[in-house]
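# Examination of the molecular architecture
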Amino acid sequence: MKKFTVRTNHKLLLCFRFNLTPSGSASMLVERGRKSQTRAAATMSVTAAASGFVVLLLTVTVVQCENGWDVSYTSTEICAVRGSTVDITCTYTYPSTFNNHDTTVQETFWFIKESNGIYVDLRTDPEYSGRVENLCGNNTCTLRISNLRESDSALYKFRFTTNQPTGSLTGSAGVTLSVTDPQLQVHVRRSTANPSSTWTELTCHSRCQLPDHLSYVWYNNNKPVGRKKYFHLRHFNAEDSYHCAIEGQERFPSPTLYYPSDAPKPPSVSVSPSGEIMEGSSLTLTCSSDANPAAKYTWYKRSGDKQVQHLSEETQFVLSSIRSSDSGEYYCTAENELGRSSAKIFITVTYAPKPPSVSVSPSGEIMEGSSVTLTCSSDANPAAKYTWYKENRALLQGPEGVYHLSSISSGDSGVYSCKSENQYGRINSTSLHLDVQYAPKPPSVSVSPSGEIMEGSSVTLTCSSDANPAANYTWYKENEDSPTASGQIFTITNITAEHGGKYQCEAQNTHGRSNTTLHLTVGAGKLVIIMNIIRLTLVVVLVPVLVWTLWTRMKKTLSLKSEVNEAVEMIESHNCPEYENDAAAAQTEDTEEQEDLV
């Protein structure tokens, strides 16, 4: 199916689809957003001048578009002979009224050149001067080009303009004109129904299809003998030769046909050596055909994208040191002036696996708990079987080469590889490192040195956690807002009792955090014990001594006081007033003495 597009200045979009029918004609559908229910049929014809001819390749049926704007061509491809005259015809339609205004056509012309919206009318093109006519009538226009040249091969388009502000339309599909020599050949057909019959039919054939109304000239030994496309012979004598030409184009005759003559029969194709074709071996393809005159051979290869590669013009084509890429469809053609025939063969090269490619899906960072698929693929014929390994331990074997890890864990990290093998060999892939990311596990905390922690000593706290990527560590002390330290190792020198308490280690990375608590108990040091013993000794020894000293002095004081009292009493008992002052003075003296003792 071929698709073409037609646009107007008022953004009307026309889509042409050509469907080839079994008879060789074509139907064309024209759409504008949606199909109109109005259909019009157009009969396409091509006329030729007496001195030349044209060939119609496509006949089209037109479905008229919505609003009536339309350009359709009688054909999309025309083949014509150099020096002849060709007619290229199209029909166009437009609405009789548009936007409440009557529509009239102001200009019609054909062009092959356009630049920035400027179209060059062929009638003004110096290269076509005196050779073109635009014959229009009843909404049909025919471009007639005479004295065709090979340079006239081009894409021709028709355009018309109206009095409407946006009423211009170009048939953008266009018509491709190919101008060439007739390239005539004589085709031979012999009777087979009656073995005793010897009649032969000669046909004047051109690769550029010719219309039926053309006249031909047949020559027998260079003398004109007929004027039809077909020439019948009752006998084909050994001394006879025939060729044909188109009347008016006698300067382009067909190759001469000699007796006996046959177009090439379908070739036979052989492969040597036969059997399995291994990579690295040599292979010879041979093409042969029964033909007279002898056929010329051409070898081709058709690749997967349908492109054809020309290989050789010899009967044999040799593939030395064949490669896997040489697999595919090969065909040869056998051709002489009477015709052409071809045959094909498929070549399949077997080979050991190529180095495998490995991939991880999804790509990027792999998080613990996610699903991961490892894929191994290798070019091999026959297809390879695959085995997945993790650090030389086989995991999975099969034809798919796919290893699936659901809910992946940190233990799945490691180096993976795969092996590809068939009956012709095996090969290992490059290593694939699987790095599973995860948040820190609960940390473990250790104290060094172990055992009782004494004041004045040094203590090292170490925190470790399994994490990927590696964790960062922070230390906290109970009842303190800011971190105490950072890093995996926390050292306390000259420790005191105040350093005792609960410590928390927190491990953190981009995927999460975890913590553990440690209780640190600090005991008294040796110096402290000695000082306490000394203090206790002083208390135990000095206190009794002090008590005894105080007791002795108090005893002495009490004794003196007793003696004074006795003296006073004796004086009072004798009633000696003159001693009252003396007694008072003695009492005062005793009191001062007691105070001194105290």
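Quick summary incoming for the structure in this document. Small disclaimer: the values here were computed from a predicted structure and weren't measured.

Quick look at the overall build of the protein chain now. Check the secondary structure of the protein chain and you find two helices and 51 strands. A burial count over the protein chain gives 38% of its 598 residues as buried. By sequence separation, contacts in the protein chain at least 24 residues apart represent 60% of the contacts at least 6 residues apart.

Here the focus is the sheet that holds strand S24 (residues 268–272). The strand order S24-S26-S29 describes an open sheet built from three strands, whose pairing is antiparallel. The outermost strands of the open sheet, each flanked by one partner alone, are S24 and strand S29 (316–319). Adjacent strand axes in the sheet meet at a mean angle of 15 degrees, parallel and antiparallel pairs treated alike. Direction of pairing for S24 relative to strand S26 (residues 283–288): antiparallel, over a ladder of five bridges. When the sheet's bridge partners are listed, Val-269 is paired in S26 with Cys-287.

Another point: the packing of aromatic side chains. Within this structure, the stated rule accounts for 18 aromatic pairs. Where Phe-490 meets Tyr-503, the ring centres are 6.0 Å apart and the plane angle is 55 degrees; that geometry is what we call tilted. Taken together, the residues Phe-490 in strand S48 (residues 489–492) and Tyr-503 in strand S49 (residues 501–509) connect sequence positions 13 residues apart. Taken individually, Phe-490 and Tyr-503 each receive the classification buried, so the pair is uniform in this respect.

By secondary structure assignment, the location of Asp-412 is in the loop between strand S38 (402–405) and strand S39 (414–422). Buried within the structure, Asp-412 lacks any salt-bridge partner; Lys-390 is the closest side chain of opposite charge, at an N-O distance of 4.9 Å. What Asp-412 contacts, discounting residues up to four positions off in sequence, is Lys-390, Leu-405, Leu-434 and Val-436.

What follows concerns the pattern of salt bridges. Summed over all chains, the structure comprises 14 salt bridges. Here Arg-323 ties to Asp-326 by a salt bridge, and the two come within 4.0 Å at their closest N and O atoms. In this structure Asp-326 comes out as buried when scored by relative accessible area, which is 11%. Connected through shared salt-bridge partners, Arg-82, Glu-150 and Asp-181 make up one network.

Turning our eyes to something else, we now look at the sheet that holds strand S12 (residues 132–137). A sheet is described by the order of its strands in space; here four strands give the open sequence S5-S7-S13-S12, paired in antiparallel fashion. Each having just a single partner strand, strand S5 (70–73) and S12 make up the two edges of the open sheet. Averaged over all pairs of adjacent strands, the angle between strand axes in this sheet comes to 20 degrees, irrespective of strand direction. Pairing analysis gives four bridges linking S5 to strand S7 (residues 86–93), with the strands arranged antiparallel. Among the inter-strand pairings, Tyr-73 is bridged to a residue of S7, identified as Cys-90.

Turning next to the environment of Ser-270. Mapped onto the elements, Ser-270 comes out in strand S24. Each C-alpha atom of the pair Ser-270 and Ser-288 lies 8.9 Å from the other, and the pair is 18 residues apart in sequence. Setting aside anything within four residues of it in sequence, one finds Ser-270 in contact with Thr-284, Leu-285 and Thr-286.

Below, the discussion takes up the nonpolar core. Membership of the largest hydrophobic core comes to 26 residues, with the highest contact counts inside it found for Trp-110, Ile-145, Tyr-156, Phe-158 and Leu-177. Looking at this core, the elements that each hand over two or more residues are S5, strand S6 (77–81), S7, strand S13 (140–145), strand S14 (154–162) and strand S16 (175–180). In terms of residue count, S7 provides more of this core than any other element does, four residues in total. Sequence-distant contacts of Phe-158, defined by excluding residues within four places in its chain, comprise Val-71, Tyr-73, Cys-90, Tyr-92, Thr-108, Phe-109, Trp-110, Phe-111, Cys-141, Leu-169, Thr-170 and Gly-171.

Along S16, the buried face is formed by Val-175, Leu-177 and Val-179; none of Thr-176, Ser-178 and Thr-180, which line the opposite face, is buried. Where S6 and S16 come together, five bridges link them in parallel fashion. In the sheet register, Glu-77 faces S16, and the bridge partner there is Thr-176. Two strands pair when backbone bridges link them, and S14 and S16 are joined in this way by three bridges, in the antiparallel orientation. Its bridge partner lying in S16, Tyr-156 is registered against Val-175.

Before going further, it helps to examine unusual backbone geometry. A cis amide bond, omega 0 degrees, links Ser-361 with the succeeding residue Pro-362. Tracing the backbone shows Pro-362 in the loop between strand S33 (357–361) and strand S34 (366–367). Unusually for a residue other than glycine, Asn-99 sits at a positive phi of about 55 degrees. Examined against the element boundaries, Asn-99 turns out to sit in the loop between strand S8 (97–98) and strand S9 (101–102). Accessibility expressed as a relative area gives 54% for Asn-99, which makes it exposed. Notably, Asn-479 is not glycine yet its phi reads approximately 70 degrees, a positive angle. Inspection of the secondary structure puts Asn-479 in the loop between strand S46 (472–477) and strand S47 (485–486).

Our next topic: the state of the cysteines. Taken as a whole and judged by the stated rule, the model has five disulfides. The partner cysteine of Cys-204 in its disulfide is Cys-244, sulfur to sulfur 2.0 Å. Between Cys-204 and Cys-244 the sulfur-sulfur dihedral comes to about 80 degrees; the bridge is accordingly right-handed. Pair noted here: Cys-204 is in strand S18 (residues 200–206) and Cys-244 is in strand S22 (residues 241–246), with a separation of 40 residues, a long-range link. The disulfide bridge from Cys-376 ends at Cys-418, spanning 1.8 Å between sulfur atoms. Linking Cys-376 and Cys-418, the disulfide has an S-S dihedral of approximately 40 degrees and is accordingly described as right-handed. Of this pair, Cys-376 sits in strand S35 (residues 372–377) while Cys-418 sits in strand S39, placing them 42 residues apart in sequence. Each member of the pair, Cys-376 together with Cys-418, is buried. Looking at Cys-90, it has no disulfide partner, and the nearest cysteine sulfur is the one in Cys-141, 5.6 Å off.

Thresholds applied
- Residues numbered from 1 in each chain as written.
- Predicted model: local features only at pLDDT ≥ 70, side-chain atom pairs only at ≥ 80, totals over all residues.
- Heavy atoms only, no water.
- Helix = DSSP H or I, 4+ residues; strand = E, 2+ residues; numbered from the N terminus.
- Buried < 20%, exposed > 50% of the residue type's maximum accessible area, 1.4 Å probe, protein only.
- Contact = heavy atoms within 4.5 Å.
- Pairing = 2+ DSSP bridges.
- Axes fitted to C-alpha atoms, helices over the stretch in contact; angles between N-to-C directions.
- Phe/Tyr/Trp six-rings, centres within 6.5 Å; stacked < 30°, edge-to-face > 60°.
- Lys, Arg positive; Asp, Glu negative; His and termini not counted.
- Salt bridge = Lys/Arg side-chain N within 4 Å of Asp/Glu carboxyl O.
- Core = buried A, V, L, I, M, F, W, Y, C linked by side-chain atoms within 4.5 Å.
- Disulfide = S-S within 2.5 Å.

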